[in-house]
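Listed here are the chains, written in short residue letters.
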Amino acid sequence: MLYLPSSADELACRRCHDLRYASENMTRRSRLERRSRRLYRQAGSAELGAAFTRKPHRMTWRRFHRLMDEAESLDREAAGMASLPRRLADRLR
């Protein structure tokens, strides 16, 4: 696929233009939080981690519980990373 960023004059691939995806510049904790937010949205939660999230119409209970469990697990993992010393957290980046 070819790209034409605003700073370039010709079409080229991502590698040639030295383009990065947004997630490549994020810390591991930020990626975990981003994924958690996405799962909460898929499960129909208006607020992140809302205690009383209503299951969306036509979603199976099995899928709803799986999404909520995975989002909560990612939240706990991201919160655990906040307590790590900064140098160690940077290594896990």
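Now for a description of the structure that goes with this document. (Residues numbered from 1 in each chain as written. Predicted model: local features only at pLDDT ≥ 70, side-chain atom pairs only at ≥ 80, totals over all residues. Heavy atoms only, no water.)

Attention now goes to a positive patch on the surface. A cluster of basic residues, R34, R37, R38 and R41, forms a positive patch on the protein surface. Mapped onto the elements, R34 comes out in helix α2 (residues 28–42). (Patch = residues over 30% accessible without salt bridge, like charges linked within 9 Å, V, L, I, M, F, W, Y side chains within 5 Å. Areas by Shrake-Rupley, 256 points an atom, 1.4 Å probe, with all protein chains shown as cover. Salt bridge = Lys/Arg side-chain N within 4 Å of Asp/Glu carboxyl O. Lys, Arg positive; Asp, Glu negative; His and termini not counted. Charge placed at Lys NZ, Arg CZ, Asp CG, Glu CD. Helix = DSSP H or I, 4+ residues; strand = E, 2+ residues; numbered from the N terminus.)

Here the focus is the nonpolar core. Taken as a class, soluble globular proteins show a tendency for nonpolar side chains to be buried jointly. L32, L39, Y40, A43, M59, F64, L67, M68, A71, L74, A78 and M81 together form the largest nonpolar core, which totals 12 residues. When contributions to this core are tallied by element, the ones reaching two or more residues are α2 and α3 (61–82). The element contributing the most residues to this core is α3, with seven residues. If sequence neighbours within four positions are ignored, A78 has contacts with R29, L32 and E33. (Core = buried A, V, L, I, M, F, W, Y, C linked by side-chain atoms within 4.5 Å. Buried < 20%, exposed > 50% of the residue type's maximum accessible area, 1.4 Å probe, protein only. Contact = heavy atoms within 4.5 Å.)

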